[in-house]
Amino acid sequence: MSASEFWNQKYQTDEYIFGKAPNDFIKAVTPLASAQETAYAPADGEGRNGVFLAHMGYQVTSSDIAELAVAKARALAAEKNLSVNALVADCLNPPFADNSFDLVAVCFMHFRYEDNVLFMEANKRLLKPGGLFILEGYTRDQIPCNSGGPKNPDMMLSAEGLCQTFSGYDIQLLQEVRRNLNEGPRHQGMAATVQLLAKKPI
Ligand SMILES: C[S@@+](CC[C@H](N)C(=O)[O-])C[C@H]1O[C@@H](n2cnc3c(N)ncnc32)[C@H](O)[C@@H]1O
């Protein structure tokens, strides 16, 4: 089964399975946009984070590989009367020019090692010099928890791995935390995550 088939099955419900409110970390650290600033939310699912970024004043591109997710993201933006460019796209091969975005926000996106390298390299390329990279994902300590995420240790993130991936960036915050998740019916309860806030060098 392809990734889009897998995820379309999950999104085949009127419910927003990850909720309509943004991820707590993205909400906490995203600055208000200056005029015309752009943001990219890859693998944005039903659009909760892309819509929040639009609320913060960014011109937002939200993408996901699952058509049903993108349809729900468009509906959420319309419900909030916000403008979001939501489109179906593979975040491993994104159809955008390098240095396009002032901010990239990644939330709970987990790939196997080789694809994760491609994903991070693509995101880094798309970020403008001086742009802000925000990420929250699960660590291996999440595996015994029931609050979401994959169970494959190779797909989990770590502060050490992100420190290497973002070497040369100005890392403003990088921490592994245990926190209580309350982000839609699929993300409930104690979780083990890593949080990153980093600026691309100019
Ligand atoms: C755990 S969900 C997280 C959704 C969203 N970031 C959130 O936190 O609400 C992972 C998302 O990644 C999407 N996805 C998986 N593989 C993808 C790919 N290659 N390109 C774009 N999206 C992908 C899925 O369709 C799904 O919406």
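Residues numbered from 1 in each chain as written. Predicted model: local features only at pLDDT ≥ 70, side-chain atom pairs only at ≥ 80, totals over all residues.

Colleague: In this structure, what is going on with the site of the ligand? I would like to understand it.
Modeller: Contacts to the ligand come from 18 residues, most closely from Trp7, Phe18, Ala43, Gly45 and Ile65. When its residues are assigned to classes, the shell around the ligand shows 12 nonpolar, two polar and four charged. (Near = placed C-beta within 6 Å. Nonpolar A, V, L, I, M, F, W, Y, C, P; charged D, E, K, R; others polar.)

Colleague: It is not clear to me how helix α3 (residues 48-55) should be interpreted in this structure. Could you clarify?
Modeller: Residues three or four positions apart in an α-helix share a direction because the helix packs 3.6 residues into each turn. Counting buried positions over the eight residues of α3 gives seven, a clear majority of the element. When α3 is considered as a whole, its buried residues turn out to be Arg48, Asn49, Gly50, Val51, Phe52, Leu53 and Ala54. Those residues of α3 that are buried lie in contact with α2 (24-29), β1 (38-41), β2 (59-64), α4 (67-79), β3 (84-88) and β4 (101-107). Positive phi shows up at glycine 57, right after α3, with a value of about 105 degrees. (Buried ≥ 20, exposed ≤ 12 C-beta atoms within 10 Å, placed from the backbone. Helix = DSSP H or I, 4+ residues; strand = E, 2+ residues; numbered from the N terminus. Contact = placed C-beta atoms within 7 Å.)

Colleague: Explain the sheet that holds β1 to me, please; I cannot follow it from the model alone.
Modeller: Backbone hydrogen bonds are what pair the strands of a sheet, in a parallel or an antiparallel way. Strand order across the open sheet formed by seven strands is β3-β2-β1-β4-β5-β7-β6, with mixed pairing between neighbours. The sheet is open, and its two edges are formed by β3 and β6 (170-182), each paired on a single side. Ignoring strand direction, the axes of neighbouring strands in this sheet form an average angle of 15 degrees. Looking at chain direction, β1 and β2 are connected through four bridges and run parallel. Within the sheet, the bridge partner assigned to threonine 38 lies in β2 and is glutamine 59. This element, α4, spans β2 and β3 of the sheet and lies at about 170 degrees to β3. (Pairing = 2+ DSSP bridges. Axes fitted to C-alpha atoms, helices over the stretch in contact; angles between N-to-C directions.)

Colleague: Help me understand the nonpolar core, please; the structure alone is not making it clear to me.
Modeller: Note on soluble globular proteins: their nonpolar side chains tend to be buried together. If you look at the biggest cluster of nonpolar residues, it comprises 46 residues, and the most contacted ones within it are Ala39, Leu53, Leu103, Val104, Ala105, Phe133 and Ile134. Those elements giving two or more residues to this core turn out to be α2, β1, α3, α4, β3, β4, β5 (127-138) and β7 (188-199). Not counting the four nearest positions on each side in its chain, phenylalanine 133 is found in contact with Val104, Leu127, Leu196, Ala198 and Lys200. (Core = buried A, V, L, I, M, F, W, Y, C linked by C-beta atoms within 7 Å.)

Colleague: Looking at this model, I keep getting lost on α4. Mind explaining?
Modeller: Across its 13 residues, α4 extends 18 Å between first and last C-alpha, which sits within 8% of the 18 Å expected from 1.5 Å per residue. If you check which residues of α4 are buried, you get Ala69, Val70, Lys72, Ala73, Leu76 and Ala77. Taken around the axis of α4, the buried residues stretch over an arc of 160 degrees, which confines them to a single face. In α4, the exposed positions angled more than 90 degrees off the buried face are occupied by Ala78 and Glu79. The elements touched by buried residues of α4 are α1 (3-10), α3, β2 and β3. Asparagine 81 lies just past α4 and shows a positive phi near 60 degrees. (Expected span 1.5 Å × (residues − 1). Arc of directions from axis to C-beta.)

Colleague: What is the right way to look at unusual backbone geometry in this model?
Modeller: It is generally the case that most residues other than glycine have a negative phi and that most peptide bonds are trans. You will see that alanine 43, though not glycine, has its phi angle at about 50 degrees, which is positive. As for its placement among the helices and strands, alanine 43 is situated in the loop between β1 and α3. Phi angles above zero are rare outside glycine, and asparagine 99 is one such case at about 55 degrees.

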